[in-house]
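Below, each chain spelled out in residue letters.
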Amino acid sequence: MDDQISVGDLLRDAPRNWGKWGPEDEVGSLNYLTPEVVVAAAGSIKSGKTFTLQVKMANPAGDPVWPGRSGAVRTTVIDEGHYLAGKGPQFAGGAHYADDYMTCFLQGSTQYDALGHVWYDDQIWNGYDAKTTIGGLAKASVCAIAEKGVVGRGILLDMARFRNKECLDVAETFTHDDLQACAKAQGVEIQPRDILIIRTGWIAKFYKVSREEFYGNFVEPGLTYSPALVQWFHDMEIPNLVTDTIANEVTTDPVSGVTLPLHNALMRNLGVTLTEIAWLDDLAADCAADGQYTFLYVAAPLKVVQATGSPVNPVVIK
Ligand code: UVW
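Reading guide: rules and limits
- Residue positions are given per chain, counting from 1 as you read along its sequence in written order.
- Local features are withheld for residues below a pLDDT of 70 in this predicted model, meaning they are given only at 70 or higher, and side-chain atom pairs are given and counted only at 80 or more; totals for whole chains, interfaces and linings count all residues.
- Hydrogens and waters are ignored; side-chain quantities use all the structure's heavy atoms.
- Each helix is a run of H or I in the DSSP string that is no shorter than four residues. Each strand is a run of E no shorter than two, and both are numbered from the N terminus.
- For every residue, the accessible area (1.4 Å probe, protein chains only) is compared with the maximum for its type, and the residue is labelled buried under 20%, exposed over 50%, or partly exposed between those bounds.
- Note on contacts: a residue pair is in contact if any heavy atoms of the two residues lie within 4.5 Å.
- Accessibility throughout is a Shrake-Rupley quantity obtained with a 1.4 Å probe, and a residue counts as covered only by protein chains that appear here.
- Neither His nor the chain ends contribute to the count of charged residues, in which Lys and Arg are positive and Asp and Glu negative.
- Here the site of a charge means atom NZ of a Lys, CZ of an Arg, CG of an Asp or CD of a Glu.
- The salt bridge definition used is simple: a Lys or Arg side-chain nitrogen within 4 Å of an Asp or Glu carboxyl oxygen.
- Polar contacts, as counted here, are pairs of nitrogen or oxygen atoms within 3.5 Å of one another; within protein the pair requires one atom able to donate a hydrogen and one able to accept it, and residues that are adjacent in sequence qualify only if both atoms are side-chain atoms.
- Think of each axis as a best-fit line through the C-alpha atoms, taken over the contacting stretch in the case of a helix, with angles from 0 to 180 degrees between the N-to-C directions.
- Orientation categories follow fixed angle ranges, with anything under 35 degrees roughly parallel, anything over 145 roughly antiparallel, 65 to 115 roughly perpendicular, and all other angles oblique.
- Crossing handedness follows the turn of the near helix against the far one: under a right angle anticlockwise gives a left-handed crossing, and clockwise gives a right-handed one.
- Under the convention adopted here, Pro, Cys and the residues Ala, Val, Leu, Ile, Met, Phe, Trp and Tyr are nonpolar, Asp, Glu, Lys and Arg are charged, and Gly plus all remaining residues are polar.
- The criterion is simple. A nonpolar core is a set of buried Ala, Val, Leu, Ile, Met, Phe, Trp, Tyr and Cys residues joined through side-chain atoms within 4.5 Å.
- Near residues are defined by distance, with any heavy atom within 4 Å of the molecule or strand qualifying the residue.

With respect to the overall build of the chain
Piece 1. In terms of regular secondary structure, the chain is built from eleven helices and 13 strands.
Piece 2. Per-residue burial over the chain gives 52% buried out of 318 residues.
Piece 3. Restricting the contact set of the chain to residue pairs at least 6 apart, pairs at least 24 apart contribute 80%.
Piece 4. Taken as a whole, the chain presents about 13800 Å² of accessible surface, with 53% of it coming from carbon and sulfur.
Piece 5. Positive and negative charge centroids in the chain, built from 25 and 39 side chains respectively, lie 4 Å apart.

A short note on the pattern of salt bridges
Piece 1. Evaluation of the coordinates by the stated rule reveals 17 salt bridges.
Piece 2. Two residues, Asp-178 and Arg-163, come together in a salt bridge whose shortest N-O distance is 3.4 Å. One end of the pair, Asp-178, is in helix H6 (residues 176–186); the other, Arg-163, is in the loop between helix H5 (159–162) and strand S6 (173–174), with 15 residues separating them in the sequence.
Piece 3. Given the relative accessible area of 22%, Asp-178 is considered partly exposed.
Piece 4. Three or more residues are tied together by salt bridges with common partners; here these are Arg-163, Lys-165, Asp-169, Glu-172 and Asp-178.

Some thoughts on the side chain of Thr-133
Piece 1. By the element assignment, Thr-133 lies in the loop between strand S4 (111–113) and helix H4 (142–148).
Piece 2. Within polar-contact distance, the side chain of Thr-133 engages the backbone oxygen of Ala-130 at 2.7 Å.
Piece 3. With sequence-adjacent residues up to four places away left out, Thr-133 is seen in contact with Gly-116, Trp-119 and Ile-124.

Overview of helix H11 (residues 281–290)
Piece 1. When we look at burial in H11, the residues that qualify are Asp-281, Leu-283, Ala-284, Asp-286 and Cys-287.
Piece 2. Following H11 by one or two positions, Gly-291 has its phi on the positive side, about 75°.

As for the packing of helix H9 (residues 227–236) against helix H10 (residues 261–270)
Piece 1. Where H9 meets H10, the closest approach of the two axes is 11 Å, and the angle between their N-to-C directions is 30°. Relative to H10, the element H9 is oriented roughly parallel. In this structure, H9 meets H10 at a crossing whose hand is right-handed. Of the residues in H10, those in contact with Leu-229, Val-230, Phe-233 and His-234 of H9 are Leu-262, Ala-265, Leu-266 and Leu-270.
Piece 2. Residues belonging to the contact of H9 with H10 are distributed by class as follows: seven nonpolar, one polar and no charged.

What about the nonpolar core?
Piece 1. One finds Leu-179, Leu-196, Phe-233 and Tyr-297 to be the most contacted residues of the largest nonpolar core, which totals 70 residues.
Piece 2. If we skip the residues at most four places from it in the chain, Leu-196 touches Ile-155, Leu-157, Leu-179, Ile-190, Trp-232, Phe-233, Ile-238, Asn-240, Leu-241 and Val-242.
Piece 3. Counting nine residues, the second-largest nonpolar core is a separate cluster that includes Val-55, Phe-214, Phe-218 and Ile-246.

Examining the site of the ligand
Piece 1. The environment of the ligand is made up of Trp-66, Arg-69, Gln-107, Gln-111, Asp-113, His-117, Ile-246, Ala-247, Leu-260, His-263 and Glu-276.
Piece 2. In this structure, Arg-69 approaches the ligand through a side-chain N or O atom, which is 2.9 Å from an oxygen atom.
Piece 3. The separation between an oxygen atom of the ligand and a polar side-chain atom of Glu-276 is 3.0 Å.
Piece 4. Of the residues contributing to the shell around the ligand, the split by class is four nonpolar, four polar and three charged.

Considerations on H9
Piece 1. For H9, the full list of buried residues reads Leu-229, Val-230, Trp-232, Phe-233, His-234 and Met-236.
Piece 2. Among the structural elements, H6, strand S7 (195–199), strand S8 (222–223), strand S9 (240–243) and H10 are those in contact with the buried residues of H9.
Piece 3. Glu-237 occupies a position one or two residues after H9 and carries a positive phi of about 55°.

Quick notes on the environment of Thr-50
Piece 1. As for its position among the elements, Thr-50 is in strand S1 (residues 50–52).
Piece 2. The spatial distance from the C-alpha of Thr-50 to the C-alpha of Tyr-297 is 9.9 Å, given a sequence separation of 247 residues.
Piece 3. Residues within four places of Thr-50 in sequence aside, it is in contact with Val-316 and Ile-317.

So, the side chain of Asp-25
Piece 1. Inspection of the secondary structure puts Asp-25 in the loop between helix H1 (7–10) and helix H2 (35–42).
Piece 2. One buried charged residue, Asp-25, forms no salt bridge at all, with the nearest opposite charge on Lys-148 at 8.6 Å.
Piece 3. In terms of polar contacts, Asp-25 uses its side chain to reach the backbone amide nitrogen of Val-27, at 3.2 Å.
Piece 4. Sequence-distant contacts of Asp-25, defined by excluding residues within four places in its chain, comprise Asn-31, Trp-125, Asn-126 and Tyr-128.

Some points on the environment of Leu-115
Piece 1. Position of Leu-115 among the secondary structure elements: in the loop between S4 and H4.
Piece 2. For Leu-115, a relative accessible area of 0% corresponds to the buried category.
Piece 3. Remark: the alpha-carbon pair of Leu-115 and Lys-139, spanning 24 residues in sequence, is separated by 8.7 Å.
Piece 4. In this structure, Leu-115 is in contact with Glu-26, Val-27, Gly-28, Trp-125, Ala-140, Ile-145, Met-267, Gly-271, Val-272 and Thr-273, ignoring residues within four places of it in sequence.

Geometric values such as these leave the question of function open.
Right under this line is the structure:
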């Protein structure tokens, strides 16, 4: 472990967008989604077909989460049983109702990460002091993303289908060059400011195999760090990366051994928002059927004050 390079050393010369949108910015590359970009994105709507990208939450089949987190638990507090027992709240006119609450990790479902979610060397996105995270994110919390909302042109890059696999393998990697090759095979081109939506088949696998198999050798497939890849995201002004994996990138960079370096290179340094655990299989099947891989993407996480993330149910309109 002594020979392990630090993420700070790995990213010493990496590009940053700090200060680009002012000293108070908390939404980073979402600033690329200007009104002009939104109007152009609306032109991607062709048929009006809609898809929702959240996995089911508090699902009896399980919630796919990062190891160490647990799935949401929904608890009923009032139902018809209370009325049958003579204990239901009484309303004039006799209406009955049901109530429930839920406990969850805010990153325990399809979610937006706040830009202050991950950092190194004592500074988070935009150079804010890491101490601003103590007791809740005073800076760059998910609330800022929620207040802005995310609307732009989405492009599905179906890496699993491109590689003729139901699901990419444990620790399988791909690069920005692979994304462009995938787009070409799909008959589309990734454009600047596109919201990248990458399907690996990984989350679908969660529902098909045992927990032992899914978590046994937990190295998710995904994008892998290189200076060229980070520069490409920078040059392409990518605002948002959405994947059907739990952490948006290969868990451990096979070259440096650093865990989740793209969280820092993209989120902390460039301000790219990360959306994880997306359900992409229905959308992907439709794109394969009609050949339309670009669409309007709309998402708004919850306005949870000072939170590191929030569940979200993005909507795609084709
Ligand atoms: C971690 O926090 C480890 O990952 P994520 O971004 O998936 O929440």
